[in-house]
Amino acid sequence: MKKFKLKPVAVIAIVVAAVAAGAFFFLSSGTSGDAAADAKAAPKPALTVTAAQPQPARLPLTLAANGNIVAWQEAIIGSESNGLRLTEVRVNVGDVVQAGQVLATFSTESVQADVAQARASLLEAQASAADAAANAERARTLQNSGALSTQQINQYLTTEKTARARAEAAQAVLGAQQLRGRQTQVLAPDSGVISARTATVGAVVSAGTELFRLIRKGRLEWRAEVTSAELGRITAGTTAVVRPASGGEIQGRVRMIAPTVDPQTRSALVYVDLPILPAKNSPAKAGMFARGEFNLGASDALTVPQRAIVVRDGFNFVFRLAPDNRVSQVKVVTGRLAGDRVEVLSGLTPDARIVVDGAGFLNDGDLVRVSETTESKQAAPSAPPAPTATK
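This report concerns the structure included in the present document. (Residues numbered from 1 in each chain as written. Predicted model: local features only at pLDDT ≥ 70, side-chain atom pairs only at ≥ 80, totals over all residues. Heavy atoms only, no water.)

**Structural notes on unusual backbone geometry**
Turning to step 1, where the next piece is worked out: Residue Lys-217 is not a glycine yet carries a positive backbone phi of 60°.
Turning to step 2, where the next piece is worked out: Mapped onto the elements, Lys-217 comes out in the loop between β11 (210-216) and β12 (220-227).
Turning to step 3, where the next piece is worked out: Since its relative accessible area comes to 39%, Lys-217 is described here as partly exposed.
Turning to step 4, where the next piece is worked out: Of note, Asn-325 is a non-glycine position whose phi angle comes to about 65°, a positive value.
Turning to step 5, where the next piece is worked out: Mapped onto the elements, Asn-325 comes out in the loop between β18 (315-321) and β19 (327-338).
Turning to step 6, where the next piece is worked out: The partly exposed category is assigned to Asn-325, whose relative accessible area is 25%. (Helix = DSSP H or I, 4+ residues; strand = E, 2+ residues; numbered from the N terminus. Buried < 20%, exposed > 50% of the residue type's maximum accessible area, 1.4 Å probe, protein only.)

**Overview of the pattern of salt bridges**
Pairs may arise between side chains of opposite charge once their charged atoms sit close together.
Turning to step 1, where the next piece is worked out: Tallying each qualifying case throughout the model produces 17 salt bridges.
Turning to step 2, where the next piece is worked out: Among the ionic pairs, Asp-190 bridges to Arg-216, the shortest N-O distance being 2.8 Å. A residue pair is termed long-range when its members are at least 10 positions apart, and Asp-190 in the loop between β8 (185-187) and β9 (192-197) and Arg-216 in strand β11 qualify at 26 residues.
Turning to step 3, where the next piece is worked out: Among the residues examined, Arg-216 registers a relative accessible area of 28% and is labelled partly exposed.
Turning to step 4, where the next piece is worked out: Ionic pairing is found between Asp-273 and Arg-255, a salt bridge with its closest N-O pair at 2.7 Å. In this pair, Asp-273 is assigned in strand β15 (residues 267-273) and Arg-255 in strand β14 (residues 250-257), connecting sequence segments 18 residues apart.
Turning to step 5, where the next piece is worked out: Overlapping salt bridges, with partners in common, bring together Arg-219, Glu-221, Arg-223, Arg-255 and Asp-273 in one network. (Salt bridge = Lys/Arg side-chain N within 4 Å of Asp/Glu carboxyl O.)

**A few points about the sheet that holds strand β10 (residues 204-205)**
Turning to step 1, where the next piece is worked out: A sheet is described by the order of its strands in space; here 4 strands give the open sequence β8-β7-β5-β10, paired in antiparallel fashion. Edge positions in the sheet fall to β8 and β10, since each has one partner strand and no second.
Turning to step 2, where the next piece is worked out: Looking at chain direction, strand β5 (residues 84-89) and β10 are connected through 2 bridges and run antiparallel. Along β10, the bridge assignment pairs Leu-84 with Val-205. (Pairing = 2+ DSSP bridges.)

**Quick word on the side chain of Ser-299**
Turning to step 1, where the next piece is worked out: Note that Ser-299 resides in strand β16 (residues 289-305).
Turning to step 2, where the next piece is worked out: Reaching out from Ser-299, the side chain makes a polar contact with the side chain of Arg-336 at a distance of 2.9 Å.
Turning to step 3, where the next piece is worked out: Other than its neighbours up to four places away in sequence, Ser-299 contacts Ala-57, Arg-58, Leu-59, Leu-61 and Arg-336. (Polar contact = N/O pair within 3.5 Å; in protein donor to acceptor, adjacent residues only side chain to side chain. Contact = heavy atoms within 4.5 Å.)

**Side note on the sheet that holds β11**
Turning to step 1, where the next piece is worked out: Taken in spatial order, the 4 strands line up as β4-β11-β9-β6 in an open sheet, and their pairing is antiparallel. Both outer strands of the open sheet, β4 (74-78) and β6 (96-97), are each paired with one neighbouring strand and no more.
Turning to step 2, where the next piece is worked out: Bridge count for β6 against β9 is 2 bridges, and the pairing is antiparallel. Looking across to β9, one finds that Val-97 is bridged to Gly-192.

**Quick word on the packing of helix α2 (residues 109-141) against helix α3 (residues 150-182)**
Turning to step 1, where the next piece is worked out: Contact pair α2 / α3: the axes reach a minimum separation of 7 Å and the direction vectors enclose 160°. Comparing their axes, α3 and α2 come out roughly antiparallel. Judged by the twist between their axes, the crossing of α2 over α3 is left-handed.
Turning to step 2, where the next piece is worked out: Tallied by class, the residues present in the contact of α2 with α3 amount to 18 nonpolar, 9 polar and 7 charged. (Axes fitted to C-alpha atoms, helices over the stretch in contact; angles between N-to-C directions. Parallel < 35°, antiparallel > 145°, perpendicular 65-115°, else oblique. Left-handed = near helix turned anticlockwise from the far one by under 90°. Nonpolar A, V, L, I, M, F, W, Y, C, P; charged D, E, K, R; others polar.)

**Focus: the nonpolar core**
Turning to step 1, where the next piece is worked out: Membership of the largest hydrophobic core comes to 29 residues, with the highest contact counts inside it found for Val-97, Leu-103, Phe-106, Val-186, Leu-211 and Phe-212.
Turning to step 2, where the next piece is worked out: Among the elements of the structure, β4, β5, β7 (102-106), α2, α3 and β11 are those that each provide at least two residues to this core.
Turning to step 3, where the next piece is worked out: With 7 residues, the top contributor of residues to this core is α2.
Turning to step 4, where the next piece is worked out: Discounting chain neighbours no more than four positions away, the residues touching Phe-212 are Ala-75, Ile-76, Ile-77, Val-89, Val-91, Leu-103, Ala-104, Val-186, Ile-194, Ala-196, Arg-197 and Ala-199.
Turning to step 5, where the next piece is worked out: Among the nonpolar cores identified, the runner-up in size contains 22 residues, and Ala-71, Ile-215, Ala-290 and Phe-294 belong to it. (Core = buried A, V, L, I, M, F, W, Y, C linked by side-chain atoms within 4.5 Å.)

Note that every value here comes from positions in space, so none of it alone points to a role or purpose.
Below you can see the structure in the form of structure tokens.
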């Protein structure tokens, strides 16, 4: 059997191929290892978030205040008769009455007797006056005849004047008794709502005793307490939104501002007229506490979504996005609230990109992934609704 011998050239070719294969393997292993190391060292985003830019908006300017709801004017209805007994009370608290309506009646028996007596006294005085007038007329006809002395004639004339005066006095007494008869009916001095009643059937009351209280015209007003520093921002005619403690909203208008300021509290009362509503349906009641806001116009503002505001340690922050998608925590000062957007007074520029969804889970310096689809939707916010907070 012949032995197979390689030629020197073939041996050299095999050695070169082996060396090349080893070098290729070594280089490939080193490259893949570096790639794996680089991949392991690269930081991962902490969270996928949405981003938006601050948007300009025109927000209303309001001034908040507290105060009480009271009657515009409250009339006190009392008794004009003295020593009469109440026989009927026709209204109760909450009833709506008209001007001139009978609210209560007193017993009329004694008054009718006094009227009859005064009428009889008047008839008697009128008869005496007629007799004295006839005698005085006869005395005047005999004045120049000498049948009567001057003294007698003067007596007849004086008697005539006295009798006429007594008749007029009796007429006045009759008028007074008739007035007492009319005062046995307690009438409403104006239209409005009965707010209090102390009249009780069977009670004998004296003149001037309070029987009812009446809210004139049913009108209520909100007396807001405003500090002297803010008083100059309000004028007569300024509109206001009043929110009673019972709920709901009432539109009002400033009627007047108190001419003086309380030296203790340094605040003044602002009188706001409230619309006249049916007493049973109105959310506002006299004596009720209410909060409200005065509408002072509008101003331009820079707003961000409310979800972008993070409250930490009693301060407000937003997370601003850098070009490399790292976030930095920025302290801001917030103002008015309009729907789901908040006014930023300081700490943010209009061209800044901030984190919206997910801001509450971030820390300063975190790397994030931005959802571009959601960011494009955030770039065109709708007009803010009516304000719910004040500046």
